[in-house]
Amino acid sequence: MDTMHILIIGASRGLGLEFVAQYRAAGAAVTATARDDAGLLRIQALGAKALRLDVADAVSASGLAWPIDGEVFDTVIVNAGVYGPRTSGLQTPSQSDFDAVMHTNVLGPMRVLPQLVESLAPGARVAVISSRMGAIGQRGSSSGWLYRASKAALNSVLKDVSLVLAGQAVCVALHPGWVRTDMGGAGADLAVPDAVADMRRTLAALTAADNGGFFNHDGQALAW
Ligand SMILES: NC(=O)c1ccc[n+]([C@@H]2O[C@H](COP(=O)([O-])OP(=O)(O)OC[C@H]3O[C@@H](n4cnc5c(N)ncnc54)[C@H](OP(=O)(O)O)[C@@H]3O)[C@@H](O)[C@H]2O)c1
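The structure displayed is predicted, hence computed values, not measured ones.

(A) Structural detail: the pattern of salt bridges. Scanning all chains against the criterion turns up four salt bridges. Across the pair Glu71 and Lys49 runs a salt bridge, and its minimum N-O distance is 2.9 Å. Of this pair, Glu71 sits in the loop between α3 (58-62) and β4 (73-78) while Lys49 sits in strand β3 (residues 49-52), and the two are 22 residues apart along the sequence. Assessed through its relative accessible area of 38%, Lys49 is described here as partly exposed.

Shown next, in the form of structure tokens:
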């Protein structure tokens, strides 16, 4: 069997780094990005190719196309994300918090995904790591409303990507679960290896009919 080639955007730690570890352990060739030397070294230590990339920086993010020129990816995972202010009510975000969250979680994927179109294998899987917190139809809390708004916008971005790439790739938004990373905190439900193993299984099981869908880590379809 041909070696699978995987690209992970935002892989310095947490879910992104675990995707690198698990895909490498499964024998895949992995290219992954980080924005500082420590993150790049952690990626390289797992035997993956490391690229420096800050999705919130226009110059850095627009430079992705040339180092991946000629590469063909079977799976692309856009994982980079920030939570921003941990609000519980309707506290208006500062301009800088708004920009940091929206630039990372929404503008970042809008910068990165168009550069990947030429580098996808036929039938490639393209996933953005979204969150159930972005789902409007299921919402029962307003906590972290800036983060929620950013993931709702990310879901919209994914849907448009899926329309453009229909027939070429299967594009989905994934909810990783509530996971014990720096973002999820120590009290979260799921261990990082379990959440990533679930998402890898879900990605592997996707069919063309799943293009444009929103899925829980365990493969269950989620309402927007
Ligand atoms: N953990 C959860 O419970 C949970 C639940 C739902 C969704 N998610 C989503 O899952 C994804 C991964 O989260 P996580 O829990 O692994 O969080 P994490 O441990 O805080 O890691 C976040 C990752 O995103 C990277 N990142 C942040 N800003 C970036 C930028 N401007 N450019 C490139 N990379 C950037 C970080 O890199 P640095 O090391 O350079 O900061 C880090 O690798 C996020 O999109 C998050 O919203 C997580």
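(B) Here's a closer look at the site of the ligand. Taken together, 28 residues sit near the ligand, with Ser12, Arg13, Arg35, Tyr147 and Thr181 positioned nearest. The separation between an oxygen atom of the ligand and a polar side-chain atom of Ser12 is 2.5 Å. A distance of 3.5 Å separates an oxygen atom of the ligand from a polar backbone atom of Gly177. Contributions of two or more residues to the shell around the ligand are made by α1 (14-25) and α5 (145-164). Within the shell around the ligand, the residues separate by chemical class into 12 nonpolar, 11 polar and five charged.

(C) View of the side chain of Ser130. On the secondary structure map, Ser130 appears in the loop between β5 (120-129) and α5. Among residues more than four places away in sequence, those in contact with Ser130 are Lys151, Leu154, Asn155, Ala173, Leu174, His175, Pro176 and Phe214.

(D) The arrangement of the pairing of strand β2 (residues 29-34) in detail. When you tally the buried positions in β2, you get five out of six residues, the bulk of the element. In this sheet, β2 lies alongside strand β1 (residues 5-9) in parallel orientation, the contact comprising four bridges. Bridge assignment links His5 to a residue of β2, and that residue is Ala29. Since β1 and β2 lie parallel, the crossover through α1 that links them has a hand, and here it is right-handed. Bridge analysis of β2 against β3 gives four bridges, and the strand direction is parallel. For Ala32, the partnering residue across the bridge sits in β3 and is Ala50. This β-α-β element, β2 to helix α2 (residues 37-45) to β3, shows right-handed connectivity.

What counts and how
Residues numbered from 1 in each chain as written. Predicted model: local features only at pLDDT ≥ 70, side-chain atom pairs only at ≥ 80, totals over all residues. Heavy atoms only, no water. Salt bridge = Lys/Arg side-chain N within 4 Å of Asp/Glu carboxyl O. Helix = DSSP H or I, 4+ residues; strand = E, 2+ residues; numbered from the N terminus. Buried < 20%, exposed > 50% of the residue type's maximum accessible area, 1.4 Å probe, protein only. Near = heavy atom within 4 Å. Polar contact = N/O pair within 3.5 Å; in protein donor to acceptor, adjacent residues only side chain to side chain. Nonpolar A, V, L, I, M, F, W, Y, C, P; charged D, E, K, R; others polar. Contact = heavy atoms within 4.5 Å. Pairing = 2+ DSSP bridges. Right-handed = clockwise from strand over helix to strand, strands pointing away.

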